[in-house]
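# A structural walkthrough
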Amino acid sequence: MGHYATVWDHKAATEIIKDWNGIDQVVLRNPHGASAKISLHGGQVISWRNDLGEELLFTSNKAIFKPPKSMRGGIQICYPQFGDCGLLDQHGFARNKIWVIDENPPPLNSNETIGKSFVDLLLKPSEEDLKHWPHSFELRLRVSLAVDGDLTLTSRVRNINGKPFSFSFAYHTYLSVSDISEVRIEGLETLDYLDNLCKRELLTEQGDAITFESEMDRTYLRSPKVVAVLDHERKRTYVIGKEGLPDTVVWNPWDKKSKTMADFGDDEYKSMLCVDGAAVERPITLKPGEEWTGRLMLTAVKSSFCMDQPELQSKGF
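Conventions used here
- Residues numbered from 1 in each chain as written.
- Predicted model: local features only at pLDDT ≥ 70, side-chain atom pairs only at ≥ 80, totals over all residues.
- Heavy atoms only, no water.
- UniProt positions renumbered as here; feature names shortened; annotations may be inferred.
- Buried < 20%, exposed > 50% of the residue type's maximum accessible area, 1.4 Å probe, protein only.
- Helix = DSSP H or I, 4+ residues; strand = E, 2+ residues; numbered from the N terminus.
- Pairing = 2+ DSSP bridges.
- Polar contact = N/O pair within 3.5 Å; in protein donor to acceptor, adjacent residues only side chain to side chain.
- Phe/Tyr/Trp six-rings, centres within 6.5 Å; stacked < 30°, edge-to-face > 60°.
- Salt bridge = Lys/Arg side-chain N within 4 Å of Asp/Glu carboxyl O.

The name recorded for the protein chain in an unreviewed UniProt entry is glucose-6-phosphate 1-epimerase, from Arabis nemorensis. The record in UniProt for the protein chain states the following under Catalytic activity (unreviewed entry): "alpha-D-glucose 6-phosphate = beta-D-glucose 6-phosphate".

In terms of burial, strand 4 (residues 35-39) is largely enclosed, as four of its five residues are buried. In this structure, strand 3 (residues 24-29) lies alongside strand 4, joined through five bridges in antiparallel fashion. Residue pairing for strand 4: Val26 is matched across the bridge by Ile38. Pairing geometry for strand 4 and strand 5 (residues 44-49), over five bridges, is antiparallel. Bridging from a neighbouring strand, Ile38 pairs with Val45 of strand 5. Taking the residues that link successive antiparallel strands as the turn, the strand 4-strand 5 hairpin has four residues, and the phi of Gly42 there is positive, at about 85°.

Once that is clear, we can look at the environment of Trp292. In this fold, Trp292 is placed in strand 21 (residues 291-302). For the pair Trp292 and Arg158, spaced 134 residues apart in sequence, the C-alpha separation works out to 6.6 Å. Within the local environment of Trp292, its side chain forms a polar contact with the backbone oxygen of Gly244, the two atoms lying 3.4 Å apart.

The next thing to look at is the packing of aromatic side chains. Aromatic ring pairs: the centre-centre distance and the angle between the two ring planes describe each pair. According to the stated counting rule, one finds 16 aromatic pairs in the structure shown. With a centroid separation of 5.2 Å and 65° between ring planes, the pair formed by Tyr79 and Phe167 is classed as edge-to-face. Of this pair, Tyr79 sits in the loop between strand 6 (75-78) and strand 7 (100-101) while Phe167 sits in strand 11 (residues 165-176); the two residues are 88 residues apart in sequence, bridging distant segments of the chain. Across the pair, exposure class does not vary: Tyr79 and Phe167 are buried alike.

Moving on: unusual backbone geometry. Where the residue is not glycine, phi is negative for most of them; where a peptide bond is considered, it is trans in most cases. A cis geometry characterises the amide bond from Tyr79 onward to Pro80, with omega recorded as 0°. Structurally, the position occupied by Pro80 is in the loop between strand 6 and strand 7. One non-glycine residue with positive phi stands out, namely Thr190, at about 70°. Following the sequence through the fold, Thr190 ends up in the loop between strand 12 (183-186) and strand 13 (192-195). Among the residues examined, Thr190 registers a relative accessible area of 59% and is labelled exposed.

Mapped onto the present numbering, the UniProt feature "binding site: substrate" (unreviewed entry) falls at Arg72, Gln90 and Arg95. The topology assignment puts Arg72 in the loop between strand 5 and strand 6. The exposure class of Arg72 is buried, given its relative accessible area of 17%.

A few words now on the pattern of salt bridges. One pass over the full model with this rule turns up 16 salt bridges. For the salt bridge of Asp120 with Arg142, the shortest nitrogen-to-oxygen distance reads 2.8 Å. Here Asp120, found in strand 8 (residues 116-123), pairs with Arg142, found in strand 9 (residues 137-146); they are 22 residues apart in sequence, far enough to count as distant. With a relative accessible area of 7%, Arg142 lands in the buried category. The salt bridge partner of Glu281 is Arg222, with a shortest N-O separation of 3.3 Å. Note that Glu281 is positioned in strand 20 (residues 272-286) and Arg222 in the loop between strand 16 (216-220) and strand 17 (226-231), a separation of 59 residues in sequence. Overall, Glu281 belongs to the partly exposed group, its relative accessible area being 29%.

Structure representation (structure tokens):
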């Protein structure tokens, strides 16, 4: 199930608990007190804490923790559809399903496990799923927590169908911020984006950095592998790395839309921001037997962000 480096005890590194619906959750810990919690409902990361115990992911106080609805917050796995641009429900069905722990997954790069606690999860389509989306697949997810507190999600989709199929994918990531009006995103300057509030109109980012004064729902196309979210009030920067995910989705509902969502508080838009590594504009197509891999890497660092910081270069950013 989970694996760990020899420098800390297995039982302290990985633990299985149950939520109040009786659904398993996997808790990963590192030697310095950082932790991550993953629910088998949706394969969803529902908590990521640093070594000070500070929660880095946002979860709504009105979130519904009962299947089949996904929980508002954390990191949702959006597959095989992102948004409502298709025949399926919003963001596809993977986030609403019960996953299983994958006891014997196909091997990944050996560096994936060095100095990390991790868990492997697996989702296969049910008969009901195949009625709505008639493609056989295996969706694997590895969530790993490093000694330095970094969080990595690696997803693999394999086509075990007799014919090709296409899908979109996103890690719908709710970051916890102090005040959205004091936050900016760097790394997406001058990029083309689809404005999802204006019928996906294609526009070009004009600002030196992205700041927030109203509702935003944009898909930045062919975005760089690393972007940064700077939270001035908390003196914290989230560094978001991604592989196999060409797009970056940025979303904040602001005040009016917040009041229309039953599982979201009226003022909670102030303390959250979604920045998603995604493959949206051009769906991924797999031939029979082919596999796709997408990876999200999250780091939270103190003070201002600089790509030349040695600690970031050592992480491979």
